[in-house]
Amino acid sequence: MSKYGVALFHTTSAALRAEKVAQHAGLTVKLIPTPREFSSDCGIALRFDWVAAARVQELLAAAGVDVDQMRALE
Amino acid sequence: MIYLDHAATSWPKPPEVMQAMADFLARAGGNPGRSGHRLSIEAGRIVYDAREAVAELFNAPDPLRVIFTLNATHAINIALAGLLRPGDRVVTSGMEHNAVMRPLRGIEGIDLAVISCRRDGALDLAEAARLITPGTRLVVLNHASNVCGTIQPVAEVAAIAHRAGALLLVDAAQTAGVLPIDVQRMGIDLLAFTGHKGLLGPPGTGGLILGAGVDAGQIAPFMRGGTGSRSESEEQPEDLPDKFEAGTPNGVGIAGLGAGVRWVRARGMDAIRTHEVALAHTLIAGLAEIPGLKVHGPSDAELCTATVSFTAAGRRVSEIGWRLDEEHDVLCRVGLHCAPAAHRTLGTFPEGTVRLAPGVFTTLDDVQAAVRAVAEALAA
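Cut-offs and rules
- Residues numbered from 1 in each chain as written.
- Chains lettered and ligands numbered in written order.
- Predicted model: local features only at pLDDT ≥ 70, side-chain atom pairs only at ≥ 80, totals over all residues.
- Heavy atoms only, no water.
- Helix = DSSP H or I, 4+ residues; strand = E, 2+ residues; numbered from the N terminus.
- Contact = heavy atoms within 4.5 Å.
- Buried area = accessible area lost by both parts, 1.4 Å probe.
- Salt bridge = Lys/Arg side-chain N within 4 Å of Asp/Glu carboxyl O.
- Polar contact = N/O pair within 3.5 Å; in protein donor to acceptor, adjacent residues only side chain to side chain.
- Nonpolar A, V, L, I, M, F, W, Y, C, P; charged D, E, K, R; others polar.
- Axes fitted to C-alpha atoms, helices over the stretch in contact; angles between N-to-C directions.
- Left-handed = near helix turned anticlockwise from the far one by under 90°.
- Pairing = 2+ DSSP bridges.
- Domains from an automatic or database assignment.
- pLDDT = per-residue confidence, 0-100.
- Buried < 20%, exposed > 50% of the residue type's maximum accessible area, 1.4 Å probe, protein only.
- Disulfide = S-S within 2.5 Å.
- Phe/Tyr/Trp six-rings, centres within 6.5 Å; stacked < 30°, edge-to-face > 60°.
- Lys NZ or Arg CZ within 6 Å of the ring centre and 35° of its normal.

Here we look at the environment of A:Leu59
Residues and elements named next belong to chain A.
Reasoning step 1: Structurally, the position occupied by Leu59 is in helix α2 (residues 53-62).
Reasoning step 2: As for Leu59 and Leu27, which are separated by 32 residues in sequence, their C-alpha atoms are 10 Å apart.
Reasoning step 3: Among residues more than four places away in sequence, those in contact with Leu59 are Val21, Ala25 and Leu27.

Some points on the interface of chain B and chain A
Reasoning step 1: The partner chain A presents 15 residues to the 22 residues of chain B that form the contact.
Reasoning step 2: Together, the buried faces of chain B and chain A total about 1,400 Å²; carbon and sulfur atoms form 51% of this surface.
Reasoning step 3: At the boundary of chain B and chain A, one finds four salt bridges.
Reasoning step 4: Notably, a salt bridge pairs A:Lys20 with B:Glu52, separated by 2.6 Å at the nearest N-O pair.
Reasoning step 5: Taken together, the connections running from chain B to chain A amount to seven residue pairs in polar contact (both at pLDDT 80 or more).
Reasoning step 6: Within the side of chain B that touches chain A, the residues separate by chemical class into six nonpolar, seven polar and nine charged.

Here we look at the packing of helix α1 (residues 15-27) of chain B against helix α8 (residues 251-267) of chain B
Residue and element names in this part refer to chain B.
Reasoning step 1: Put simply, α1 and α8 touch, their axes get as near as 8 Å, and they point 145° apart. Regarding α1 and α8, the two cross each other, and that crossing is right-handed. For the pair α1 and α8, the contacting residues are Glu16, Val17, Ala20, Met21, Phe24 and Leu25 in the first and Gly251, Val252, Gly253, Ala255, Gly256, Ala259, Gly260 and Trp263 in the second.
Reasoning step 2: Class assignment for the residues of the contact of α1 with α8 results in nine nonpolar, four polar and one charged.

Considerations on the sheet that holds strand β10 (residues 308-312) of chain B
Residues and elements named next belong to chain B.
Reasoning step 1: With antiparallel pairing, four strands are arranged side by side in an open sheet as β9-β10-β13-β12. A single partner strand is all that each edge strand has here, and the edge strands are β9 (293-296) and β12 (333-335). For this sheet the average axis-to-axis angle between neighbouring strands, irrespective of direction, equals 30°.

Observations regarding the domain arrangement of chain B
Residues and elements named next belong to chain B.
Reasoning step 1: In terms of domain boundaries, chain B breaks down into domain 1 (2-10 + 268-379) and domain 2 (15-267).
Reasoning step 2: One C-alpha centre belongs to domain 1, the other to domain 2, and the line joining them spans 27 Å.
Reasoning step 3: Taken residue by residue, the interface counts 35 residues in domain 1 and 34 residues in domain 2.
Reasoning step 4: Summed over the shared surface of domain 1 and domain 2, the result is zero salt bridges.

A short note on the packing of helix α3 (residues 72-83) of chain B against helix α4 (residues 98-106) of chain B
Residue and element names in this part refer to chain B.
Reasoning step 1: Where α3 contacts α4, the axes come no closer than 9 Å and their chain directions differ by 35°. Classified by chirality, the crossing of α4 by α3 is right-handed. Every residue of α4 that contacts α3 at Thr73, Ile76, Asn77 and Leu80 is listed here: Ala99, Val100, Pro103 and Leu104.
Reasoning step 2: Here the residues of the contact of α3 with α4 sort into six nonpolar, two polar and no charged.

Let's talk about the side chain of B:His196
All names here are of chain B.
Reasoning step 1: Here His196 shows up in the loop between β7 (190-194) and β8 (206-210).
Reasoning step 2: A distance of 2.6 Å separates the side chain of His196 from the side chain of Thr9, its partner in a polar contact.
Reasoning step 3: A polar atom in the side chain of His196 sits 3.4 Å from the side chain of Thr194.

Side note on the confidence of the model for chain A
Reasoning step 1: Confidence in the prediction for chain A averages 92 pLDDT; 96% of positions are at 70 or higher.
Reasoning step 2: Ranking the helices and strands of chain A by mean pLDDT puts α2(A) first, with 96, and strand β4 (residues 67-73) of chain A last, with 93.

So, the sheet that holds strand β3 (residues 89-93) of chain B
Residues and elements named next belong to chain B.
Reasoning step 1: The sheet built from seven strands is open, its strands ordered β2-β8-β7-β6-β5-β3-β4 with mixed pairing. Each having just a single partner strand, β2 (66-69) and β4 (111-115) make up the two edges of the open sheet. Recorded for the sheet is a direction-independent mean angle of 20° between the axes of neighbouring strands.
Reasoning step 2: By the bridge criterion, five bridges tie β7 to β8 in an arrangement that is antiparallel. Residue pairing for β8: Leu191 is matched across the bridge by Ile209.
Reasoning step 3: Strand contacts of helix α2 (residues 38-58): β2, β7 and β8, with the helix running at about 115° to β2, the strand carrying the most contacts.
Reasoning step 4: Sheet strands in contact with α4 are β3, β4, β5 (138-142) and β6 (167-171), and its direction is about 155° off that of β3.

Quick word on the environment of B:Arg38
All names here are of chain B.
Reasoning step 1: Checked against the element boundaries, Arg38 lands in helix α2.
Reasoning step 2: Look at Arg38 and you get exposed, because its relative accessible area is 72%.
Reasoning step 3: Considered as a pair, Arg38 and Ala28 are 10 residues apart in the sequence and their alpha carbons are 8.3 Å apart.

Remarks on the state of the cysteines
All names here are of chain B.
Reasoning step 1: For the structure shown, the criterion picks out zero disulfides over all chains.
Reasoning step 2: Cysteine Cys117 is unpaired, with the sulfur of Cys148 as its nearest cysteine sulfur at 9.5 Å.
Reasoning step 3: Of all cysteine sulfurs, the one in Cys148 lies closest to Cys338, which takes part in no disulfide; the gap is 15 Å.

Description of the packing of aromatic side chains
Reasoning step 1: A full pass over the atoms with the stated rule returns four aromatic pairs over all chains.
Reasoning step 2: With a centroid separation of 5.7 Å and an interplanar angle of 65°, the aromatic rings of B:Tyr3 and B:Trp11 are classed as edge-to-face.
Reasoning step 3: A ring pair is formed by B:Phe58 and B:Phe193, whose centres lie 5.4 Å apart and whose planes are at 50°; its orientation type is tilted. Here B:Phe193 lies in strand β7 and B:Phe58 lies in helix α2, a separation of 135 residues in the sequence. Accessibility assignment for this pair places B:Phe58 and B:Phe193 in one class, buried.
Reasoning step 4: When the ring centre of A:Tyr4 is taken as origin, the NZ or CZ atom of A:Arg47, which lies over that ring, is 4.2 Å away.
Reasoning step 5: The ring of B:Phe349 carries B:Arg344 above its face, with NZ or CZ at 4.0 Å from the centroid.

Laid out in structure tokens, this is it:
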């Protein structure tokens, strides 16, 4: 099972906003360079514990953050 | 020294602004949004935090609809050049700054109408309703005059504009951080602001806020270039704010702007406004007692910002200006304040005025001393 997941975004502003939203909700997340196996519009991605994937998705949707895709990190 | 030129740029700045700028250079020297390492991300966070602070101050619908620019002029140019097409009807006022008039005069093929204003600068709402005809594309309105501080009825003009199907662009160069502004409640579709006046940030900062009702797809980008996003494409992205922020942003300036906005929010818009009304009232009342002197603009401080213009019969404004500086340590601006249209409305073209513009750090003692200095300069 994957330990981490990443959320990918179209813009850096969206990634930075996602970080704030997740941290505000008490989740442990980190902005990292977008892993090269994923094609992304933006150079940074939000890494999170994969077990929290549903919670991250729900939080970002509720905050209106435009997420390109969410992927598990192998 | 008494600095009364806040309408040109505010000085001094809060220590927090200078500290934020030094910190940006010392700790977050990366290029925001361009790389994935920690210095770039930290720079990006500082820029994003400033975006959020600006959005909260003006009640913007979304921080990503805050576009950072070099100044208000840059923001106005983005809006006008991006929105207007040949044949569009545009309505503006007789109190505009050249930041609005020059770009409008430079766009070919638009149908431009100018709403006249009274001698104190106040907009004629009945004429606004006549000129803003159905199908008008855009109304451009100065929130408050840089010459004499006259505050325009933005919400009323927004209602007229929206009934006609037009968007409203407000030039808030003189009012951001000085008057409460709520873009959603006031019906402002596009708000252009500068960072280095009432918001207490450094020069080289400003922005354009796109209201919820504005389709950004209808605004062609003023500049195109790298954004750090959608790098595989040679087309400008449509995503906000990237579409309108090509090229490396002024990160250090935006760090200072963010600190300035937070300072303003902590002080409180109502407290700032109350202080500035007292300053304006003291200036207007004091100057009015000096023989031969005429104050231009509203006589009621509630109807203007703390920007007060005057002329004196038979005296050159330039001479009054240098006497105030050299003999009384009072710094102000004299002449035409980049707003020939406004000076024609006020009847002060082409000689111009002496403009006294205190700010948030100016005290009542300062403006009382300035009034005495004016009286002495005119007696000389």
